[in-house]
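# Inside the fold
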Amino acid sequence: MEGVSCNENTSHVIGLQLPGYQLRGNISTALLDLSTSLVSVDLSDNQLDGLIPDAFGSFIFLEYLDLSGNRLEGGIPESFSNLSSLFLLDLSHNQLTGLMPQSSFGQLTNLEIFDVSYNFLQGTVSESYFLSHHRLKVLDFSFNSLVFNSTTIDWVPPFQLDVLKLASCYLGPQFPKWLQTQSNVSQLDLSSTGISGQVPKWLWDLSPRLQYLNLSHNQFNGRVPNLLVSSKLSAYPVIIDISYNNFSVLDVGGNQLTGSIPAYLGKNLPYLQVLSLRHNEFYGTIPPEVCYLTGIQVLDLSGNNISGRIPGCFNNFTSLVQSELPNRTTIDTFRAYPLHQYSSDVLSALVYWRGKEEEYNNTLGFLKLIDLSDNRFVGNIPKEFSLLRGLISLNLSRNHFTGNIDSGIGQMEMLESLDLSRNQLSGEIPIGMAELNYLAVLDISHNNLSGSIPSGTQLQGFNASAYAGNNGLCGPPLAACHAPDGPGTSQATDDDHVGKEDNKFDKGYYISVVLGFVVGFLGVIVILVLNKSWRMVYFGFWNNIWDLAYVTITSTMGEDLSRR
């Protein structure tokens, strides 16, 4: 072994520490000359190759042996059975092919840390392999070709592990029940282990010390519950990897999770139908990878600090684009429908809808909603939302959206609940909103909307509070419209204009008549006063008229008296 020399003065050596010294070649037989009182050997992270010498078996006081990070080949020598004092054995990151025989491994009764990860080990490991290992704390067999086969269903291991890593070993297809006994584990890696079906409920509440859990690259399905609010998990930050599975429901709402939304949620969980990240502290933008969730039915990102614009690809959500129920009823009556296409994947999920949180079971497949409320989104509401014909509930309230309500909103034919309140939306209420025949809950209050609420529709049947805080809105259930520029009031405005013109004509007519009379009368009086000859003629005229009237009346009265 280049770089290591041993001589007669090494009889009292108790430790050999040469990690990362770029040592090359085989481990020298010169180790045979070292003191049998050797306690610690660390030759890790070098370039040693060849076989592991049987000479290590002579160091009966050896407690620490680290040969990791080299190019060692072959198997683990049977002579290791003599190392009964050994508490750490690290042979990871080599090219070993043979696992230590059970009879030899069973003699290492003081072993606490056993790491043979990243090798080429093959074979079957059963529970009998660990019968004598009461002190074992760290067990890492990951990235080998080992099969773990527990022949006893109710096997209770003699150890309590802190770290268990079995990545790429075969454990499936059933979830190992014996793991339920490991109540102190802090790191658990079961990735790529061939396990399928639902994750047992006890795993989510397994250990109060759990900080790392990797279940990725399996065939798990069903629901991932809100494990982060478990009383046992709340004391430590937890790293969880459930990617590349068949999970349908992921709920981590109501925690203090921070950071940006992981892009892998879209790429690595293609079967996800329910994603709830609500009431956390996520920030940044919605990653466009979210649009890979073509089967998503419930997307709840409410109550975070997410900002920016909403990606214009939400129409990729195939399950929300399709309206699958020709004979439409409300979600409350869906309980009578069997959930064939979801019964094997979705058990239940807690969903916040219509102002309360409820657990949906066999009706979950029919509940389709998007809730992005109480964030910091800006810009226009994407027109792609109007293409979500199967969406039942849309909540975009308490954001900073601007622009108009899309005129194509009437295409969302299944919509029952719409909340766009407390934004900065402007313009008129599109007439297409009146085509939402199943709309039962509406709130577009506290925006900058204007014009008339479309008349003759169910939109006028909502409470006035649904439209409050829009000073430009008018019409039932709000006050009547009087503004000449109000939308939907052009006919009324024209009528008012005609009425005003008629009133102006009537007033002008009567004023002209009175003025004409006054001017004419005064003109006659002035002429009679100033012109004597005209005055004589005028009064003579009225004198003759009076005489004629007197003669006529008198003669008429005389005839009447004679007849009597």
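Below is a short write-up of the structure. As the structure is a prediction and not an experimental result, all values here were calculated from the model.

If you walk through the whole model with that rule in mind, you get two disulfides. A disulfide bridge connects C474 with C481, and the sulfur atoms are separated by 2.0 Å. Taking the torsion about the S-S bond as the criterion, the C474 to C481 disulfide, at about 100 degrees, is right-handed. Take C474: its relative accessible area is 9%, and that puts it in the buried class.

This paragraph deals with the nonpolar core. F130, F141, F314, I370, F385, L459 and Y467 are the most contacted members of the largest nonpolar core, which has 116 residues in total. Mapped onto this core, the elements with two or more residues apiece are β12 (145-149), β17 (219-224) and β19 (246-251). The residues touching L459, leaving out its near neighbours within four places in the chain, are I429, M433, A434, L439, L442, I453, P454, Y467 and P477. With five residues, the next largest nonpolar core counts V249, V298, L367 and L369 among its residues.

Pairing within the open sheet is parallel, and its 10 strands lie in the order β1-β3-β5-β7-β9-β11-β13-β14-β16-β18. Of all strands in the sheet, those with a lone pairing partner are β1 (15-17) and β18 (239-241), marking the two edges. Between one strand and the next, the sheet's axes are offset by a mean angle of 10 degrees, whatever the strand orientation. Two elements, β1 and strand β3 (residues 40-42), share three bridges in a ladder whose sense is parallel. From the neighbouring strand, G15 faces β3, where its bridge partner is S40.

Evaluated as defined, the whole model comprises 20 aromatic pairs. Ring centres of Y129 and F130 lie 5.5 Å apart, and the angle between their planes is 75 degrees; on these two criteria the pair is classed as edge-to-face. In this structure F130 comes out as buried when scored by relative accessible area, which is 3%. Of the aromatic side chains, those joined through ring pairs into one cluster are F105, F114, Y129, F130, F141, F148, W155, F159 and W178.

Between G172 and the following residue, P173, the backbone shows a cis peptide bond with an omega angle of 5 degrees. Along the chain, P173 turns up in the loop between β13 (163-165) and β14 (187-189). P476 connects to P477 through a cis peptide bond whose omega is 10 degrees. Following the sequence through the fold, P477 ends up in the loop between β35 (472-474) and α4 (490-530). Look at Q22: it is not a glycine, yet its phi comes out positive at around 60 degrees. If you trace the backbone, Q22 turns up in the loop between β1 and β2 (24-26).

We now examine the pattern of salt bridges. Counted by the stated rule, this structure contains five salt bridges. Among the ionic pairs, K383 bridges to D406, the shortest N-O distance being 3.3 Å. Placement of K383 in the loop between β28 (376-380) and β29 (393-395) and of D406 in the loop between β30 (400-403) and β31 (417-419) is noted, with a sequence separation of 23 residues between them. Residue K383 is classed as exposed on the basis of its relative accessible area of 59%. For E413, the salt bridge goes to R389, with nearest N and O atoms at 3.1 Å. Taken together, the residues E413 in the loop between β30 and β31 and R389 in the loop between β28 and β29 connect sequence positions 24 residues apart. Since its relative accessible area comes to 30%, E413 is described here as partly exposed.

What counts as what
- Residues numbered from 1 in each chain as written.
- Predicted model: local features only at pLDDT ≥ 70, side-chain atom pairs only at ≥ 80, totals over all residues.
- Heavy atoms only, no water.
- Disulfide = S-S within 2.5 Å.
- Buried < 20%, exposed > 50% of the residue type's maximum accessible area, 1.4 Å probe, protein only.
- Core = buried A, V, L, I, M, F, W, Y, C linked by side-chain atoms within 4.5 Å.
- Helix = DSSP H or I, 4+ residues; strand = E, 2+ residues; numbered from the N terminus.
- Contact = heavy atoms within 4.5 Å.
- Pairing = 2+ DSSP bridges.
- Axes fitted to C-alpha atoms, helices over the stretch in contact; angles between N-to-C directions.
- Phe/Tyr/Trp six-rings, centres within 6.5 Å; stacked < 30°, edge-to-face > 60°.
- Salt bridge = Lys/Arg side-chain N within 4 Å of Asp/Glu carboxyl O.

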